[in-house]
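Here are the chains, one letter per residue:
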Amino acid sequence: KKYNVAIVGATGAVGQELLKVLRERNFPVGELRLLASSRSAGKTMEHAGETYTIGLTDAQAFQGIDIALFAGGSASTEFAQAAVDAGAVVIDNSSAFRMNPDVPLVVPEVNPEDVDWHKGIIANPNCSTIIMAVALKPIHDAAKIQRVVVSTYQAVSGAGKEGITELTEQTRQVLAGEAIAPQVFAHPIAFNLIPHIDVFQDGDYTKEEWKMIKETQKIMHEPSMKITATTVRVPVYRSHSESINLELEQPLSAAEAKEVLAKAPGVIVVDDVTQKKYPMPIDTSDHDEVYVGRIREDKTVTYGLNLWVVADQIRKGAATNAIQIAETLIARHKL
Ligand code: 2RA
C-alpha cells in the first residue's frame, strides 16, 4: 500500500531533510505534496532529479492526504487540525502539541506503543530531547535512572538555515576584522558559545531546557524522573552533543552500560579512548543513529554514570524520527 504524504514547510532545513529521508528509507509514498507559506508557494523545487511545485499551506491543501508531516513553526497551530479534519494523520515537529495530554509524544526506540492512542496528531519531540531519550532508555531499563544532569552543545542548524548562514558570515567577518551584527542568535556565535536557547522561563531555565525535562518525562512515562538541563549553542554547523550524568537506582558498571547501549536500537557506541575514539559532530552528521561514548562510572554517587551523546539533530532529532513515527504507525496498523 502507498500513502499520500504532505510536507508542510518543505523549503526549510527540516522540510528538506524530510524529503531526503522519505526517499532514502523507501517510504511507500503515493502522491507527494510539498507545501509552504505564501513566501515560497508557487515556486518550484528540484529534488532527486524531479521538479516539484510548492503549494500553499491552507485548510484545503490536505484533501486526499494520508500523512501530513509538519516541519515546525506556526503552520502547525494554524493548519494541523485542518489536516486531521481532512482525514490525515499529522506528525508534527513543532512544540505546539507536545505536552498536550491528548497527543502522543513519540520516539520509536523508546515508546512506539504510544502511537496506538493518537487522535489525529502525533508530536515529534524536541531535537535534543529525542537524542537524549534514545540513549537513556536502555540504561533506564537496565538500572532505573533516578536523576539526570545534562548539558548540551547545540549546533547552529538547530535554528534553521539562517543559523548556518549566520555562523559562516560571522566567521568570515571576524577573520576579516569586520563588525558583527547578530540577528539569529542573541550574541556573536562565531568563536563563541551562548548558554541560551529559546526564551527564558520559570526559574530562569530556558524553554529548550524545560523541553528536555518535561518531554523526556512524558516520553519515558516517568513524570517524576529528576532531570536538570543547561542548553548551549556552539559554533558547530550540525549535530547536537550532550554531556549526561546519571544517578541510577541499581548498579551498572561502565562495561555493562556499554553492552546494553551497544544492543539498543538506534544507538552506536563509539568508545575506545586508547584509540581516541568518541563521538563527534563532524562524524555523526548525515547519520540517523545516536552515538554514545566516554561511558564512565561516576564514583561521586552510589551508582553513577557519565555519557557523551552526539547525533544529527536534523535527522534523528527531527526528520528521521518523524518518518520512523510514520513507519511505526504503518507497522502497528494505526494509519
Ligand atoms: C534548537 N531545539 O537546536 C532547537 C531546534 N528544534 O534550537
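In this text, all values refer to a predicted model and were calculated from it rather than measured experimentally.

1. Re the overall build of the protein
- Helix and strand counts for the protein come out as eight helices and 14 strands.
- Taken over C-alpha atoms, the radius of gyration comes to 20 Å for the protein, in line with the 20 Å a tight globule of 335 residues would show.
- Considering only C-alpha atoms, the protein reaches an extent of 60 × 55 × 40 Å along its principal axes.
- Evaluated residue by residue, the protein yields a buried proportion of 47% over its 335 residues.
- Taking the contacts inside the protein whose residues are at least 6 apart along the sequence as the reference set, 66% of them involve residues at least 24 apart.

2. Focus: the site of the ligand
- Around the ligand, a shell composed of N126, C127, S128, Q154, G158, A159, I197 and E208 is seen.
- Grouping the constituent residues of the shell around the ligand by class yields three nonpolar, four polar and one charged.

3. Quick notes on the sheet that holds strand β14 (residues 304-311)
- Taken in spatial order, the six strands make up an open sheet running β10-β9-β11-β14-β13-β12, and their pairing is mixed. Of all the strands in the sheet, the pair left with one neighbour each is β10 (226-230) and β12 (267-269). Each adjacent strand pair in this sheet contributes to an overall mean axis angle of 25°, direction not counted.
- Running at roughly 160° to strand β13 (residues 290-298), helix α6 (residues 254-263) makes contact with β12, β13 and β14 of the sheet.

4. Looking at the UniProt feature "binding site: substrate" (unreviewed entry) in the protein
- With numbering aligned to this structure, UniProt lists the feature "binding site: substrate" (unreviewed entry) at Q154 and R233. Over a stretch of 80 residues, the named residues converge on one spot in the fold, their C-alpha atoms separated by at most 4.7 Å.
- In this structure, Q154 sits in the loop between β9 (145-153) and α4 (161-175).
- The class of Q154 is buried, set by 27 C-beta atoms lying within 10 Å.
- Excluding its chain neighbours within four sequence positions, the residues that come into contact with Q154 are S128, I197, T231, V232, R233, V234 and H240.
- Its place among the elements puts R233 in the loop between β10 and β11 (240-248).
- Discounting residues that sit within four places of it in the chain, R233 has contacts with Q154, V156, F185, I189, L193, I194 and I197.

5. Considerations on the UniProt feature "binding site: phosphate" (unreviewed entry) in the protein
- According to UniProt, the feature "binding site: phosphate" (unreviewed entry) maps to R98 in the numbering used here.
- Mapped onto the elements of the fold, R98 is located in the loop between β7 (89-92) and β8 (121-123).
- We classify R98 as buried; it has 21 C-beta atoms within 10 Å.
- Apart from the residues within four sequence positions on either side, R98 is in contact with L105, A123, P125 and E215.

6. Some remarks on the environment of N321
- Turning to its location among the elements, N321 is positioned in helix α8 (residues 315-331).
- When neighbours within four sequence positions are excluded, N321 is seen to be in contact with V107, N124, I130 and K316.

7. Focus on the sheet that holds strand β1 (residues 3-8)
- Strand order in the open sheet made by the six strands is β5-β2-β1-β6-β7-β8, with parallel pairing throughout. Both outer strands of the open sheet, β5 (55-56) and β8, are each paired with one neighbouring strand and no more.
- With four bridges joining them, β1 and strand β6 (residues 67-70) adopt parallel strand pairing. Residue pairing across strands places V5 opposite I67, the latter belonging to β6.

8. Describing the pairing of strand β2 (residues 29-36)
- As defined by bridge partners, β1 adjoins β2 across five bridges and the pair is classed as parallel. Each residue of the ladder has a partner; that of I7, found in β2, is L34.
- Strand direction decides the pairing type here: β2 and β5, joined by two bridges, are parallel. Bridged to L35 within β5 is G55.

Calculation criteria
- Residues numbered from 1 in each chain as written.
- Predicted model: local features only at pLDDT ≥ 70, side-chain atom pairs only at ≥ 80, totals over all residues.
- Helix = DSSP H or I, 4+ residues; strand = E, 2+ residues; numbered from the N terminus.
- Rg over C-alpha atoms; globule rule 2.2 N^0.38 Å.
- Buried ≥ 20, exposed ≤ 12 C-beta atoms within 10 Å, placed from the backbone.
- Contact = placed C-beta atoms within 7 Å.
- Near = placed C-beta within 6 Å.
- Nonpolar A, V, L, I, M, F, W, Y, C, P; charged D, E, K, R; others polar.
- Pairing = 2+ DSSP bridges.
- Axes fitted to C-alpha atoms, helices over the stretch in contact; angles between N-to-C directions.
- UniProt positions renumbered as here; feature names shortened; annotations may be inferred.

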